[in-house]
Amino acid sequence: SDKKALNALQQNCLEQIVRDLKQEREGQWLSLQDIHCQTYIQRYALEAIEQGDLDALPEPFYIRAFISKYAIALRLNAADTVARFPIG
């Protein structure tokens, strides 16, 4: 179904985005706690994002907001980063 295909695509995109965000975070010597303090995104959500766990995350709209805040905390281009995550 279309929904299954979209879910698979979102999962794949999230994993790629997360790989980049995590690499950047570690390169800046920042912990997930540091990101939490800057973004106020709950720790469980940050962990779910870094694990690419779509099921533990809210609606795709909110995932995009999380990705955007995370990217901003790392001084990355949020718009470019968010554009990589499809919402349908």
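Figured I'd write up the structure that's included with this text. In this text the structure is predicted, and so the values were computed from the model without any measurement.

A short note on helix H1 (residues 2-27)
Phase 1 of the analysis: If you check H1, its first and last C-alpha atoms are 37 Å apart, about what 26 residues at 1.5 Å a residue would give, namely 38 Å.
Phase 2 of the analysis: Gln10, Cys13, Leu14, Ile17, Val18, Leu21 and Arg25 are the residues of H1 that are buried.
Phase 3 of the analysis: Two residues or fewer past H1, Trp29 is found with a positive phi of approximately 55 degrees.

Let's talk about the side chain of Gln10
Phase 1 of the analysis: Following the sequence through the fold, Gln10 ends up in helix H1.
Phase 2 of the analysis: Looking at Gln10, the relative accessible area reads 3%, which means it is buried.

With respect to the packing of H1 against helix H4 (residues 60-73)
Phase 1 of the analysis: As a packed pair, H1 and H4 sit with axes 11 Å apart at the nearest point and diverge in direction by 20 degrees. Judged by the angle between their axes, H1 and H4 are roughly parallel. Judged by the twist between their axes, the crossing of H1 over H4 is left-handed. Residue-level inspection shows Gln10, Leu14, Ile17, Leu21, Lys22 and Arg25 of H1 in contact with H4, the latter providing Pro60, Ile63, Ile67, Tyr70 and Ala71.

Definitions and limits used
Residues numbered from 1 in each chain as written. Predicted model: local features only at pLDDT ≥ 70, side-chain atom pairs only at ≥ 80, totals over all residues. Heavy atoms only, no water. Helix = DSSP H or I, 4+ residues; strand = E, 2+ residues; numbered from the N terminus. Expected span 1.5 Å × (residues − 1). Buried < 20%, exposed > 50% of the residue type's maximum accessible area, 1.4 Å probe, protein only. Axes fitted to C-alpha atoms, helices over the stretch in contact; angles between N-to-C directions. Parallel < 35°, antiparallel > 145°, perpendicular 65-115°, else oblique. Left-handed = near helix turned anticlockwise from the far one by under 90°. Contact = heavy atoms within 4.5 Å.

Everything listed here is a matter of geometry and, on its own, says nothing about what the molecule does.
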